[in-house]
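Take a look at the letters that make up each chain.
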Amino acid sequence: MNRAGLAVATTPDRGRTAPGSGGDLPEARLVTQAASGNREAFEELYRRHVDRIYGLAFRWVGPEEAAEVTQDVFVRAWEKLGTFRGDSAFGTWLHRVAIRVILGQRKTMGKARQRFSADEADLDRSSAPPDTPDHRMDLERGIAALPEGARRVLLLHDVEGYRHEEIGTMLGISPGTSKSQLHRARMALRACLEGMT
Amino acid sequence: MTDTTHWSDRLSEYLDGDLSPAEWNACTAHLETCPSCRDTLGALAEVRNAVAGLPGIAPPESLWTGIAEQLGASPLTGARQDGPRRMTVSLRSLAAAAVLVAVASGSLVWFALRTASPGASFPADDAPTPVLALAALDASMDPIIADLEQLLRERTTSLDPAVLQSIETDLRAIDQSLANIRSALAEDPSNGPLNRQLARTLRAKVDRLRDAALQPTGRGAA
């Protein structure tokens, strides 16, 4: 067993919208153009990355608020584009912006998200994204049904790739709590995968 | 608390490489005798891979319209004047990276042998100590890996999106492993298995970046 537990995840069918007029341009050039005020270039960047950002928002805050959060993310990205220095991939930078927007909104929204507990037997099918294939439906519903804290850690760690120390700083919890929340989330999702084989 | 109870709650940490070397060894020993924990570990790996592989979700078509309306009122901050960095990486750099990793792996094989049997010889009589040699090699990889990463950034739009996503996921996992290994080595620099693991993981990163650089444009296998 590899000590680092290195595992390669397959990433099938990452939905992408059709590219616009800048579909063939390298991303670095699009970023430069967009940072100079070119909205067509920014729209192309949007179309290349929106599915992942919207997916993060959908799974984090739910279907009702995902669109609003996604809009806020891209507006914030437009405002801050001049600060992107190319130290990381643009998508990585954009996801960091998304996390900051989501976490910032949760502090100001003042809404209590009512999520189904893991013990709820009657899961709301609408919690899964539209057009989700049946073989993945159980996993999406399982994620939607997780307690909020466990779901946030799962998304930050297993989807976004943050370390527990970083997650702890973001969410105001200890790395140890982050680790136990992640384990709890994964164990709760075990049953969802058994129906997918 | 039984051994199983103790380790069953920490299998995610084991899977992600978040245990200390001593804990990792103890958990590994436990797994060899506990089929229940082995099953759980396998299930956790499946969950992790399935979650990491979740696809993006297409938003409503009207979403961009709402964004575009807001862009007009949103000022740009610090608009950039400089252009993108020139791509300076050539296939020669890729070959140099491969040689460097091969040398690193070779040095670590010698180090592992030396650790196991102190009488093992090494070709160069004036070779630096293994720990220093490894640290030097690790540091010398940084500019090469940086160039390869820049090459990947230059190619992000010419690669198939599914291929690019696979590459980025792999690299995130590799970087996380490297961080864990280096953290553990900081506490135990002469740990043979950890040093070997560092070399293997560095090689994995270079190989992945090199594969990405050599990917054909458009659709292709990851």
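Each remark here, short or long, concerns the structure printed above.
Figured I'd write up the structure that's included with this text. Please read all numbers here as calculations on a predicted model, not as lab measurements.

What counts and what doesn't
- Residues numbered from 1 in each chain as written.
- Chains lettered and ligands numbered in written order.
- Predicted model: local features only at pLDDT ≥ 70, side-chain atom pairs only at ≥ 80, totals over all residues.
- Heavy atoms only, no water.
- Helix = DSSP H or I, 4+ residues; strand = E, 2+ residues; numbered from the N terminus.
- Buried < 20%, exposed > 50% of the residue type's maximum accessible area, 1.4 Å probe, protein only.
- Contact = heavy atoms within 4.5 Å.
- Areas by Shrake-Rupley, 256 points an atom, 1.4 Å probe, with all protein chains shown as cover.
- Axes fitted to C-alpha atoms, helices over the stretch in contact; angles between N-to-C directions.
- Parallel < 35°, antiparallel > 145°, perpendicular 65-115°, else oblique.
- Nonpolar A, V, L, I, M, F, W, Y, C, P; charged D, E, K, R; others polar.
- Buried area = accessible area lost by both parts, 1.4 Å probe.
- Salt bridge = Lys/Arg side-chain N within 4 Å of Asp/Glu carboxyl O.
- Polar contact = N/O pair within 3.5 Å; in protein donor to acceptor, adjacent residues only side chain to side chain.

## What to know about the overall build of chain B
Moving on, step 1. Secondary structure summary: chain B contains nine helices and zero strands in total.
Moving on, step 2. For chain B, the proportion of its 222 residues judged to be buried stands at 47%.
Moving on, step 3. Long-range contacts, defined as pairs at least 24 residues apart, comprise 70% of the intrachain contacts of chain B with a sequence gap of at least 6.
Moving on, step 4. Of the roughly 10700 Å² that chain B leaves accessible, carbon and sulfur atoms contribute 57%.

## Structural notes on helix H1 (residues 27–35) of chain A
Moving on, step 1. Within H1(A), burial applies to Glu27(A), Leu30(A), Val31(A), Thr32(A), Ala34(A) and Ala35(A).
Moving on, step 2. Phi turns positive, to about 105 degrees, at Gly37(A), one or two residues after H1(A).

## Some thoughts on the packing of helix H6 (residues 148–159) of chain A against helix H8 (residues 175–194) of chain A
Residue and element names in this part refer to chain A.
Moving on, step 1. For the pair H6 and H8, the least separation of the axes is 8 Å and the interaxial angle reads 95 degrees. With respect to H8, the element H6 is oriented roughly perpendicular. Across the interface between the two elements, Gly149, Ala150, Val153, Leu154, His157 and Asp158 of H6 pack against Ser178, Gln181, Leu182, Ala185, Arg186 and Leu189 of H8.
Moving on, step 2. Classifying every residue of the contact of H6 with H8 by side-chain character gives six nonpolar, four polar and two charged.

## Overview of the interface of chain A and chain B
Moving on, step 1. Each partner contributes residues to the interface: chain A has 75 residues there, and chain B has 71 residues.
Moving on, step 2. Between chain A and chain B, a total of about 6700 Å² is buried, with carbon and sulfur atoms accounting for 59% of that surface.
Moving on, step 3. For the pair chain A and chain B, the number of links is three salt bridges.
Moving on, step 4. Connecting chain A to chain B are 11 residue pairs in polar contact (both at pLDDT 80 or more).
Moving on, step 5. Going through the elements one at a time, H1, helix H2 (39–61), helix H3 (63–80), helix H5 (134–145), H6 and H8 of chain A are the ones with two or more residues in the side of chain A that touches chain B.
Moving on, step 6. Classifying every residue of the side of chain A that touches chain B by side-chain character gives 34 nonpolar, 19 polar and 22 charged.

## Some points on the pattern of salt bridges
Moving on, step 1. Summed over the entire model, instances satisfying the criterion amount to 16 salt bridges over all chains.
Moving on, step 2. A salt bridge links Lys205(B) to Glu149(B), with the nearest nitrogen and oxygen atoms 3.1 Å apart. On the criterion of sequence distance, the pair formed by Lys205(B) in helix H9 (residues 192–213) and Glu149(B) in helix H7 (residues 130–154) is long-range, its members being 56 residues apart.
Moving on, step 3. When the shortest N-O distance is used, the salt bridge between Asp175(B) and Lys205(B) registers 2.6 Å. In this pair, Asp175(B) is assigned in helix H8 (residues 161–187) and Lys205(B) in helix H9, connecting sequence segments 30 residues apart.
Moving on, step 4. Judged by its relative accessible area of 7%, Lys205(B) is buried.
Moving on, step 5. Counted as one network, the salt bridges with shared partners bring together Asp158(A), Arg186(A), Asp16(B) and Arg48(B).

## Observations regarding the environment of Ile167(A)
Residues and elements named next belong to chain A.
Moving on, step 1. Summarising the element assignment, isoleucine 167 is placed in helix H7 (residues 164–171).
Moving on, step 2. The sequence separation of isoleucine 167 and valine 153 amounts to 14 residues, and the corresponding C-alpha distance is 7.0 Å.
Moving on, step 3. With near-sequence residues (within four places) excluded, isoleucine 167 lies in contact with Val153, Leu156, His157, Tyr162, Gly172, Ile173 and Ser178.

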